[in-house]
Amino acid sequence: MNYTKVDCMYKGSNFQDNVNFQSQSFQILSFLICVLGGVTSPITVAGNGLVVVALLRKQSLRTPTNILICSLALSDWLTGVCFIPSFIVYVSSLEHFNSCYFIGILFAFGWLGCGASFLGMVGVSFERYLALFLHLKYDSFMTVLRATSLNAISWSIPILVASLYLAGYFAISLIISITLLIPGLVVVAVIYLKIFLLVKKHRKQIQAQEISGNSPQAEKQRKLAVTIGMIVGVSFLCYLPIFIASLVAFMVNFTPLAKELLGFCSFLFTFSSFCNPFIYCHRNQEIRKAVLSCLSDLKRWFRSTIRLVCYIN
């Protein structure tokens, strides 16, 4: 099938030449993306949506930690609602594959979801550091209002970057992203190295029975830190294929097959959004109970609606 080449500011000149839409390798990868996305997208939307609703419904769950987790779940929900379906349309429709504006919107969704998720992880990592290492000052410093302010910052910056990208200011958006990415990675790595050492020391003390009066609250804070660490670890594992594929593509001078694999790996990062609700519910009993309560209420509402419809008919 022939198509007209166009210049696109979002992908460089003649961006259709980067990948052969009709090649067998592209068709196989696009089929995998459609199948995986078709399965993960609704579960990602439902799971993260339930977590957000559960955390907002109960006043007792509106702690600084849960406020930050709510922002993470919201960014994952956005990935399931916007990015995954858009990516499926992009790889399955030649019209959208060749659409400059569609690729711009797709990339903007990626910037927004990834940026809010990454900055949210930095924020919740910082909160865990305060809870474990500066616990005497934690209650006075980390309030619900300040956690909400951190969420506002973690969303406003990606919105700004995505807007600059759509407006064509690629250099500025890239500079802002790199400026935040490198320090953010260092902060998260240093914090969780210290948390890992603290948890390891704590377990050794328990095994040696050196701790007799360990407070349940301190143990809860450590468990929360491990939970957030699992989320950060899963996210980094899901992003790792992108870095590897980018490096390989650069080494082979961005051949068509390398670019196809890079596109597929760019989709794999969405698996972190798919996994996170299960981690929340598995590791946090309060969130699990709140989610189950939401499901129970939803089930009762559905039954009542069915009965009402049957009665009307």
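Residues numbered from 1 in each chain as written. Predicted model: local features only at pLDDT ≥ 70, side-chain atom pairs only at ≥ 80, totals over all residues. Heavy atoms only, no water.

For the chain, an unreviewed UniProt entry supplies the name G-protein coupled receptors family 1 profile domain-containing protein and the organism Exaiptasia diaphana. For the record of the chain, the UniProt heading Subcellular location (unreviewed entry) holds the text "Cell membrane". Its UniProt record gives the chain a comment under Sequence similarities (unreviewed entry), which states: "Belongs to the G-protein coupled receptor 1 family." (UniProt positions renumbered as here; feature names shortened; annotations may be inferred.)

*Asks:* Explain the overall build of the chain residue by residue, including any values.
*Replies:* Check the secondary structure of the chain and you find 11 helices and zero strands. Within the chain, the fraction of its 313 residues that count as buried is 42%. Once local pairs closer than 6 in sequence are excluded, the contacts in the chain between residues at least 24 apart make up 76%. Accessible area of the chain: about 17200 Å², with a carbon and sulfur share of 69%. (Helix = DSSP H or I, 4+ residues; strand = E, 2+ residues; numbered from the N terminus. Buried < 20%, exposed > 50% of the residue type's maximum accessible area, 1.4 Å probe, protein only. Contact = heavy atoms within 4.5 Å. Areas by Shrake-Rupley, 256 points an atom, 1.4 Å probe, with all protein chains shown as cover.)

*Asks:* How would you summarise the UniProt feature "transmembrane region" (unreviewed entry) in the chain if you had to cite specific residues and measurements?
*Replies:* Per the UniProt record, "transmembrane region" (unreviewed entry) is found at residues 28-55, 67-89, 101-126, 147-168, 174-199, 224-249 and 261-280. Along residues 28-55 one finds 100% helix and 0% strand; the C-alpha atoms at either end are 40 Å apart. For residues 224-249, helix accounts for 100% and strand for 0%, while the C-alpha atoms at its two ends are 38 Å apart.

*Asks:* Can you explain the pattern of salt bridges? Please cite residues and give values.
*Replies:* All told, the structure shown has three salt bridges when counted by the stated rule. For Glu127, the salt bridge identified is with Arg128, shortest N-O distance 2.7 Å. When sorted by exposure, Glu127 lands in the same class as Arg128, which is buried. With its nearest N and O atoms 2.2 Å apart, the salt bridge here joins Arg300 to Asp297. In this pair, Arg300 and Asp297 are both assigned in helix H11 (residues 285-312), three residues apart and thus about one turn of the helix distant. Under the relative-accessibility criterion, Arg300 is labelled partly exposed at 47%. (Salt bridge = Lys/Arg side-chain N within 4 Å of Asp/Glu carboxyl O.)

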